[in-house]
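Residues per chain are reported as follows:
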Amino acid sequence: MKKWLCVLASLSVLAAAPVLASEGEASFQEDGQNPVMNFIGDYGYATGTINVSCTGKSDAAFKVTWRSSAAEYNDWEMSGTLDTDTLTVTYENCVKTYVLFNENGEIEKRETEYVDGTGSITFLDEPGLIGLTWKDDQENIAEDAVFTYIYPIAPEGEADIPFEEGDAGIQKLHGDVRGDIENGIYTIYIEALESDDENFWWEAYQGDKGDASFVELLTQTTTEDGYAYVGSFRAIDDGEDTIRLVHTNGHYCDGYLDFIVKTEGGEIKENIGGGEAFGTSGEELAPFFEGEWQEKDGGEKALSLSLGEDGTLKALLTDGEEKSYTMSLFYDCISEALVYWDGQMFEGAFESGKEAAAADGTGLFAFLPSDEENEGSDILIIWKDDTFGNVEGAEFIRK
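What this report covers is the structure whose coordinates are included nearby. Note that the coordinates shown come from a computational prediction; the quantities given were computed from them, not determined experimentally.

What to know about the overall build of the protein
Alright, step 1. Broken down by element type, the protein carries two helices and 26 strands.
Alright, step 2. Sorting the 399 residues of the protein into buried and exposed places 46% on the buried side.
Alright, step 3. By sequence separation, contacts in the protein at least 24 residues apart represent 49% of the contacts at least 6 residues apart.
Alright, step 4. Split by element, the accessible area of the protein, about 19300 Å² in all, is 43% carbon and sulfur.

Quick word on unusual backbone geometry
Alright, step 1. Unusually for a residue other than glycine, Leu87 sits at a positive phi of about 55°.
Alright, step 2. Tracing the backbone shows Leu87 in the loop between strand E4 (72–83) and strand E5 (88–101).
Alright, step 3. One non-glycine residue, Asn183, lies in positive phi territory at about 55°.
Alright, step 4. Topologically, Asn183 is positioned in the loop between strand E11 (177–182) and strand E12 (185–191).

A closer look at the packing of aromatic side chains
Alright, step 1. Counted according to the given criterion, the structure contains 20 aromatic pairs.
Alright, step 2. Centre to centre, the rings of Phe330 and Trp341 are 5.0 Å apart; their planes meet at 25°, and the pair counts as stacked. Of this pair, Phe330 sits in strand E22 (residues 323–332) while Trp341 sits in strand E23 (residues 337–347); the two residues are eleven residues apart in sequence, bridging distant segments of the chain.
Alright, step 3. Trp341 sits in the partly exposed class, given a relative accessible area of 23%.
Alright, step 4. Grouping aromatic residues by their ring pairs yields a cluster made of Phe39, Tyr43, Phe62, Phe123 and Tyr149.
Alright, step 5. Over the face of the ring belonging to Tyr189 we find Arg178, whose NZ or CZ atom lies 3.9 Å from the ring centre.
Alright, step 6. Over the face of the ring belonging to Tyr256 we find Arg244, whose NZ or CZ atom lies 3.8 Å from the ring centre.

Regarding the sheet that holds strand E15 (residues 227–235)
Alright, step 1. If you walk across this open sheet you meet the four strands as E11-E12-E15-E14, and the pairing is antiparallel. Two strands close off the open sheet at either side, each with one partner strand: E11 and strand E14 (215–221). Strand-to-strand twist of the sheet, defined as the mean angle between neighbouring strand axes without regard to direction, takes the value 20°.
Alright, step 2. In this structure, E12 lies alongside E15, joined through six bridges in antiparallel fashion. Bridging across to E15, Glu191 finds its partner in Tyr227.

Description of the pattern of salt bridges
Alright, step 1. Throughout the structure, instances matching the rule amount to twelve salt bridges.
Alright, step 2. Between Arg234 and Glu216 there is a salt bridge, with the nearest N and O atoms lying 2.4 Å from each other. Taken together, the residues span a long stretch of sequence, with Arg234 in strand E15 and Glu216 in strand E14 at a distance of 18 residues.
Alright, step 3. For Arg234, a relative accessible area of 37% translates into the label partly exposed.

Some thoughts on the sheet that holds strand E20 (residues 301–307)
Alright, step 1. With antiparallel pairing, the eight strands of this closed barrel are ordered in space as E19-E20-E21-E22-E23-E24-E25-E26. Here the average twist between neighbouring strands, direction ignored, is 30°.
Alright, step 2. Taken together, the five bridges between E23 and strand E24 (residues 358–369) define a ladder with antiparallel strand orientation. Within E24, the position partnered with Tyr340 by the bridge is Gly363.

Focus: the pairing of strand E7 (residues 131–136)
Alright, step 1. Inspection of the sheet shows strand E6 (residues 107–123) paired to E7 by five bridges, in the antiparallel sense. Bridge pairing links Phe123 to Leu132 in E7.

Here's the deal with the environment of Asn93
Alright, step 1. Mapped onto the secondary structure, Asn93 falls in strand E5.
Alright, step 2. Through-space distance from the C-alpha of Asn93 to that of Thr118 is 6.5 Å; in sequence the pair is 25 residues apart.
Alright, step 3. Leave out the neighbours within four places in its chain, and Asn93 touches Glu77, Met78, Ser79, Asp116 and Gly117.
Alright, step 4. Among the polar contacts listed, one links the side chain of Asn93 to the side chain of Ser79, at a separation of 2.9 Å.

Brief notes about the side chain of Asn34
Alright, step 1. As for its position among the elements, Asn34 is in the loop between helix H1 (3–10) and strand E1 (41–45).
Alright, step 2. Engagement of the side chain of Asn34 in a polar contact is seen with the backbone nitrogen of Val36, the distance being 2.9 Å.
Alright, step 3. A distance of 3.0 Å separates a polar atom in the side chain of Asn34 from the backbone oxygen of Asp59.
Alright, step 4. Ignoring anything within four residues of it in the chain, the contact list for Asn34 reads Cys54, Thr55, Gly56, Lys57, Ser58 and Asp59.

A short note on helix H2 (residues 282–289)
Alright, step 1. Gly282, Leu285, Ala286, Phe288 and Phe289 are the residues of H2 that are buried.
Alright, step 2. Taken from the residues just after H2, Gly291 is the one with a positive phi, measuring 125°.

The rules behind these values
Residues numbered from 1 in each chain as written. Predicted model: local features only at pLDDT ≥ 70, side-chain atom pairs only at ≥ 80, totals over all residues. Heavy atoms only, no water. Helix = DSSP H or I, 4+ residues; strand = E, 2+ residues; numbered from the N terminus. Buried < 20%, exposed > 50% of the residue type's maximum accessible area, 1.4 Å probe, protein only. Contact = heavy atoms within 4.5 Å. Areas by Shrake-Rupley, 256 points an atom, 1.4 Å probe, with all protein chains shown as cover. Phe/Tyr/Trp six-rings, centres within 6.5 Å; stacked < 30°, edge-to-face > 60°. Lys NZ or Arg CZ within 6 Å of the ring centre and 35° of its normal. Pairing = 2+ DSSP bridges. Axes fitted to C-alpha atoms, helices over the stretch in contact; angles between N-to-C directions. Salt bridge = Lys/Arg side-chain N within 4 Å of Asp/Glu carboxyl O. Polar contact = N/O pair within 3.5 Å; in protein donor to acceptor, adjacent residues only side chain to side chain.

This is the structure we're talking about:
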């Protein structure tokens with residue numbers, strides 16, 4: 001698998017890895033747990049990613065995302081029951097959606113291309129391989145493709161905190177998590193730890209998850225004694241929805257927890273699944289991004305990425321001989337991009353000790369696989385500037 005794909009997908013996966021026996025046979029729980037829990041997570045092939053999650057007692061839910069360019073992608077969502085003999089899920093409810101972004105990174109078009117698509121997904125039962133294959137009857141887009149499991153990268157400085165198994169199979173690097181349902185209200189508790197970073201906090205994610213919402217936040221607090229977070233949620237419609245709690249410092253999200261709940265009759269009835277995603281440190285990012293980058297198609301901009309003394313990824317961007325910019329980059333789990341909020345702009349070339357012409361710049365660097373024309377560059381980096389007037393941003397490939 002190309003190294004860019006390992007980075008892209010590993011930064012946004014469910015932290016619970018599939019459980020396979022060493023002989024290559026699927027190892028299923030005997031306590032009534034949904035057997036799909038043995039396979040939840042993200043699987044990657046080329047520019048495609050398939051996320052596997054649980055729904056109900058025996059069903060699997062899939063979301064396939066396949067990018068065709070930096071500005072557009074297609075996704076497919078479907079679900080079905082796992083046949084534990086063949087490790088195959090057959091579905092008849094696939095919905096395909098096309099999404100196009102404008103030059104500002106905003107969604108310009110979202111169009112449903114078809115519903116009730118059919119096909120199957122099969123988990124591979126082979127020694128030394130955790131993966132799956134996808135057969136879709138409409139387009140056969142994944143013919144001969146094997147999607148392999150993408151392992152998460154542990155956050156820096158937390159390796160001494162042991163993994164613990166929590167509600168809905170969540171493996172976590174934080175205090176104990178539990179969820180209680182009383183009178184149709186679902187309350188989530190995250191235990192406080194002495195190792196919690198005082199500059200970060202938990203809160204309910206209010207952004208677009210791309211799905212209809214069936215629950216809403218009632219109350220939340222980070223000040224209840226003994227807990228890093230307590231939040232209550234209620235049902236506003238019938239269906240299945242995901243409650244997402246994000247760990248943030250107000251600038252970026254370095255992790256989140258998902259709780260999949262089922263609602264019925266104006267009440268939250270049960271938690272039917274969940275997962276966790278977390279980011280990665282500058283030291284872990286550096287091997288993939290360090291070095292010199294040039295603007296695509298012969299542009300004058302140049303980008304240099306390096307690991308700073310403080311352990312964060314540093315960027316120096318030059319705009320010919322007119323301006324230069326510096327910024328510290330952090331991986332954001334929600335945007336799946338490298339974000340910054342300390343950008344500085346300098347007139348002419350950057351020099352240590354030189355006074356900046358403007359500061360407090362914000363923006364991000366998204367990263368995607370480069371196209372086939374850019375041989376020798378495995379990643380395409382896209383700059384989106386929110387502060388310094390570079391409306392069109394820039395695209396960079398390895399120099």
